[in-house]
Structures are given as C-alpha cells and as structure tokens.
Amino acid sequence: MGSLTKLRFLILLYNQLTGEIPPELGNLTHLVHFYVERNEISGEIPPELGKLSNLQTLSLSDNQLSGRVPHWLVNLTHLRALALDGNQFSGTIPPELGSLANLGRLYLSGNRLTGEIPVELSNLLNLEVLHLGGDGLHGELPAWLGNLTKLRIVTIRDTQLGGNIPSELGNLANLEQLFLHDNRLTGEIPPQLGNLVSLRALWLQSNQLSGEIPPQLGNLVSLTSMNLSENLLSGTIPQELGNLARLWQLYLQGNHLSGCVPSGLRGRVDLYNSNLGGLSYCEN
C-alpha cells in the first residue's frame, strides 16, 4: 500500500484489522484523510507518518495503540482533526499539539494519559471540539478554555481535575454541549454559564459542586438536557428554570435541594428520562 503515492483517502474503519500500522504508509505523501478507527491495531504510531505533510484527518480511535502521543505530530501542520481516543496511550499530553494552528477537533479521552492539561493548547484558536478524559489527568480546569471561542463541544470527564468551573466558560457563545461530569470539581456553578444561549446539553453530575443553582441558567433557551445530580447543591430550584421551553431531560437527584420544581417544566420534562430527586412540581 505504501506504493500508492497518489492516494488521498484511506478509510479502513469498522473492520477487524490487527497488527501494527505499517511505516510504509509514510510514503503516501498526498494522503489527506486517514481513518482506521474501530479495529484491533496495536503498537505505537510509526514516526514515518510524520512525513504526511498534507494530512488533514488522522483518526485512530478505538484500537489498542500504545506508547506516548507522539511529539512529531506537530509536523502535520495541515491537521484539522486528530482522534486518538479509546486506545492505551500513556504519558502526558504533548504541549507541542498547541502548535497545530488549523486543528478543529481533538479527541484524546479513553486513554491512560497523566498530568495536567498543557497551557499550550490555549493556542488552538480554531478548535471546535475537545474531548479529554482519563483518571490520570489532574490539576484544575483551565480558565483559558474561555478564550477558544469557536468551541462547540467540550467533553472533559472521568478525570481527577478539581477546582472551580471557570467563569470564563461563559464567553463560549458557540458552545452547544458542555460535559464536565465525573470529575472532582468544587465550588459553585458560575452564573456566567447562563450566557451560553446556544447550549443544548449541560452535564455537571458526579462532582463536588456546592451552593445554589444559579437562576441565570434559566436563560439557556436552547437547553434540552441538564444533569446536576450527585453533587452537594442546596437551596431551592430557581423559578427561572421554568423558562426552559426545550428542556425535556433533567437530573437533580443526589443533592440537598429543597422546595419544588418550577411548574413551567410540568409536561415538558420526560419523567422516564429524568430524576427530580423526589421533588414535586410547584402548584403555581
């Protein structure tokens, strides 16, 4: 296959391929898109792939690849999508990834990565989708995420990340999905999240968030799914949540909430796909 030097698309997904990635693929200098996810490929990513200077998509998700995430990926300057999730990569996230100025999608969850989220990723100003995860990641959720204003989907879950949810996330006007569940986040839910009028899903469950639910969340006019369960939230549920005309999925259980659920949500929230934590609807 390494002799197919004019090849631009190589799509091998959803097969049962085994063995390692052939280093000869580095000869495919015209290759633009390489998809090989959902196989059983093992070993490390061969450094010869660093010669694929025209590559825009490198999708190796859901295999058995191991070793470190290669530093030489920085040579793939046209890369727009890098998907390495669902493998067995270890070590830290290479700060060099922050030099991939064209990168729009970055998937690294489901590996064995350790350390903190490198500040160099704050240079990825074209990033639209970010998926990080793994219980080896620690430190705090970085405030500079709020500067990546093209972000549409942020998934950072199943980590040891702690600290507060940065109020700067309220700057992400294009954000549609925010999944920060199963971490060690503390403090209050920042009211600035109420600025995210494009947000459709907000999942903050299984953290250590405290304080009251901010009434500003009632401004999330596009929201369809909200999960605040298994935290330390207290107080009453703000009546402003009754303004969420598109909300159909709501999880509140496992907190210290009191009072009643705004009557405006009656008939909207699907009780078969929700859990109101034993609270009843308000009478008016």
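Here the structure is shown first, and the text comes after it.
Residues numbered from 1 in each chain as written. Predicted model: local features only at pLDDT ≥ 70, side-chain atom pairs only at ≥ 80, totals over all residues. Heavy atoms only, no water.

Looking at the sheet that holds strand E20 (residues 256-258)
Rules: Strands pair, by our definition, only if DSSP identifies at least two bridges between them. Put simply, DSSP H or I for four residues or longer makes a helix, DSSP E for two residues or longer makes a strand, and each gets a number counted from the N terminus.
With respect to topology, five strands assemble into an open sheet ordered E12-E14-E16-E18-E20, the strand pairing being parallel. Lying at the two open borders of the sheet, with one neighbouring strand each, are strand E12 (162-163) and E20. Note: strand E18 (residues 232-236) against E20, three bridges, orientation parallel. What sits directly across from Ser-234, in E20, is His-256.

Remarks on the environment of Arg-80
This is how it is decided: Note on definitions: a residue-residue contact is assigned when non-hydrogen atoms from the two residues lie within 4.5 Å.
Within the fold, Arg-80 resides in the loop between strand E5 (64-68) and strand E6 (81-83). For the pair Arg-80 and Leu-58, spaced 22 residues apart in sequence, the C-alpha separation works out to 8.5 Å. For Arg-80, the contacting residues outside a window of four places in its chain are Gln-56, Asn-102, Leu-103, Gly-104 and Arg-105.

Digging into the nonpolar core
Applied cut-off: Working definition of a nonpolar core: buried Ala, Val, Leu, Ile, Met, Phe, Trp, Tyr and Cys residues. They are joined through side-chain atoms within 4.5 Å. The buried label applies to any residue whose accessible area, calculated with a 1.4 Å probe on protein chains only, is under 20% of its type's maximum; exposed applies above 50%, and partly exposed to all values in between.
One finds Phe-34, Leu-106, Ile-156, Leu-180, Leu-202 and Met-226 to be the most contacted residues of the largest nonpolar core, which totals 79 residues. The set of elements that each furnish at least two residues to this core consists of strand E10 (129-133) and strand E11 (153-157). The residues contacting Phe-34, other than those within four sequence positions of it, are Leu-10, Leu-25, Leu-49, Leu-55, Thr-57, Leu-58, Ser-59 and Leu-60.

None of the figures reported here should be taken as evidence of function without further support.
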